[in-house]
Amino acid sequence: MESNGRIPIAFCEHLQLSSVGIQPESINFQTLTFESDHFICVREKSGEKNQVAVVNLADANSVKRWPIKADSAIMHPKRMIIALKTQRQLQIYNITTKARVKSFQMNEDVTFWKWISKTAIGIVTDTSVFHWSIADETSTPRKIFDRHATLFGAQIINYRATPDEKWLALVGITENTDPNGFRIKGVIQLYDGQRNVSQLVEGHAAAFAEIEIDGSWIPTKLFTFAVRTATGAKLHVVEIDYAASNLPFTKRVVDIYFHKEAVYDFPVSMQVSKRHGVIYLITKYGFIHLFDLETGASIYQNRISGDTIFVTAEYEASNGIIGVNKKGQVLSVSVDDNTVIPYILSTLNDAELAFKMARRANLPGADDPSLKQYEHTLQNKQYGETARIATNPRVRLGMDWGIVEG
């Protein structure tokens, strides 16, 4: 049973792309890019001519179109700046001023590119990964690291970076040649820029995060990734850049539950809410999973889309996740500030998790008697009683595998 019939997420359909004139055949991973919750960028055909359509989600879903010859287009996360790729020729334009910001001719084919910050684009070729800054008008793409041979031939589906760009994660998928393995194999190349070393991790989706932990002086930096194999699915949360002034973070490895009918489902994207300390994980078959970042505890899971959600971004307005599915629905999921704490207390029976999330995000529900009792025993060092409150037997989350209605 769910807490008073209420669920801990807020689900919203923001837009149907066909309603603003986006052609159904242009709604796919090859022609639609989604760098942030501000813009959706779509390459489409108008008769025999190619054009780009930019849907501004921050401006009443207004759509602007321009003729282009490019084979790839990505919008800046915040500004009216667009990056265009025509074979190996890269160009960046300021749409507002109608001026070219900079251009460069690559020596290799670009297989994937993505804005990794407000000032830099990550560029992936068959052999290397580059960063290209727009902070100046003259700098060229700078090589950061070599692609690992294991990723040769893989489809690159994401590239993640920490804000300081010291840690980077290149995510690829490929058909598994092992007949006993899971059909789609995921490989992540985790690169440590300070030591100039790479580590290969088996995984389909990944994200970087920070969290403030009791007893630590500065935020703890984390790397989280999810994988499905023939033997099961796991979520991992590990520490990176350990600070001596902090308490060591205990690595988390927890099961990801997949419905028995979703035999070929696997993780495809991940975002982390810094405010709530919650991992949002979306699967190919349209399921959403919420986990607590610090403990790995499963909070909630349900189906939100009957079609594959093939691109996602952080939904900044409510610290959630927003994505586009193959039918052109623009959907978001966020923690519901008003219901999540009562839900954790009554459905998960986890006072410790409820207390930490309520305090971390300043959420309503923190005045619940169970939380008050937990806080009182903690402050008075009644650790036995604190443990008793925090370790009530958890009730397994009842599932409704229908699609959540917005």
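Only a predicted model underlies this, so the values are computations on that prediction, with no experimental measurement involved.

A.B. asks: Looking at this model, I keep getting lost on the side chain of T220. Mind explaining?
C.D. replies: Here T220 lies in strand β19 (residues 220-229). Note on T220: relative accessible area 1%, which makes it buried. Excluding residues that lie within four positions of it along the chain, T220 makes contacts with A209, E210, I211, I213, E239, N246 and F249.

A.B. asks: Looking at this structure, I do not really get the sheet that holds strand β6 (residues 72-75). What am I missing?
C.D. replies: To summarise the sheet geometry, strands pair through backbone hydrogen bonds and adopt either a parallel or an antiparallel arrangement. Taken in spatial order, the four strands of this open sheet run β6-β7-β8-β9, and their pairing is antiparallel. Each edge of the open sheet carries a strand with a single partner, namely β6 and β9 (99-105). Geometrically, the sheet is characterised by an average inter-axis angle of 15° between neighbouring strands, direction not taken into account. As judged from the six bridges shared by strand β7 (residues 81-86) and strand β8 (residues 89-94), these two strands associate in the antiparallel manner. Among the inter-strand pairings, I81 is bridged to a residue of β8, identified as N94.

A.B. asks: Got a minute to help me understand the packing of aromatic side chains in this structure?
C.D. replies: For any pair of aromatic rings, geometry is given as the distance between the ring centres together with the angle between the planes. For the structure shown, the criterion picks out five aromatic pairs. Centre to centre, the rings of F145 and Y191 are 4.6 Å apart; their planes meet at 20°, and the pair counts as stacked. Taken together, the residues span a long stretch of sequence, with F145 in strand β13 (residues 142-146) and Y191 in strand β16 (residues 184-192) at a distance of 46 residues. In this structure Y191 comes out as buried when scored by relative accessible area, which is 5%. Judged by centre distance (5.1 Å) and plane angle (40°), the ring pair of F208 and F223 falls under tilted. Placement of F208 in strand β18 (residues 205-211) and of F223 in strand β19 is noted, with a sequence separation of 15 residues between them. Each member of the pair, F208 as well as F223, is classed as buried. Through successive ring pairs, a cluster of aromatic residues spans F208, F223 and F225. The cationic tip of R183 hangs over the ring face of Y264; the distance from NZ or CZ to the ring centre is 4.1 Å. The ring of F249 carries R252 above its face, with NZ or CZ at 5.7 Å from the centroid.

A.B. asks: Got a minute to help me understand the pairing of β18 in this structure?
C.D. replies: Consecutive residues of a regular strand have side chains that alternate between opposite faces of the sheet. Most of β18 is tucked away: six of the seven residues are buried. The pairing of β18 with β19 spans seven bridges and is antiparallel. Within the sheet, the bridge partner assigned to A209 lies in β19 and is L222.

A.B. asks: Got a minute to help me understand the nonpolar core in this structure?
C.D. replies: Among the nonpolar cores identified, the biggest contains 29 residues, and Y280, I288, L290, I299, V333, I341 and M357 are the most heavily contacted of them. Listed by contribution, the elements that provide at least two residues to this core are β1 (9-16), β23 (278-283), β24 (287-292), β25 (298-303), β28 (329-335), α1 (340-348) and α2 (351-361). Those residues within four positions of V333 in sequence are excluded, and the remaining contacts are I9, A10, F11, Y280, I288, I304, G320 and I321. A205, F249, V272 and F291 belong to the second largest nonpolar core, which has 20 residues in total.

About the cut-offs
Residues numbered from 1 in each chain as written. Predicted model: local features only at pLDDT ≥ 70, side-chain atom pairs only at ≥ 80, totals over all residues. Heavy atoms only, no water. Helix = DSSP H or I, 4+ residues; strand = E, 2+ residues; numbered from the N terminus. Buried < 20%, exposed > 50% of the residue type's maximum accessible area, 1.4 Å probe, protein only. Contact = heavy atoms within 4.5 Å. Pairing = 2+ DSSP bridges. Axes fitted to C-alpha atoms, helices over the stretch in contact; angles between N-to-C directions. Phe/Tyr/Trp six-rings, centres within 6.5 Å; stacked < 30°, edge-to-face > 60°. Lys NZ or Arg CZ within 6 Å of the ring centre and 35° of its normal. Core = buried A, V, L, I, M, F, W, Y, C linked by side-chain atoms within 4.5 Å.

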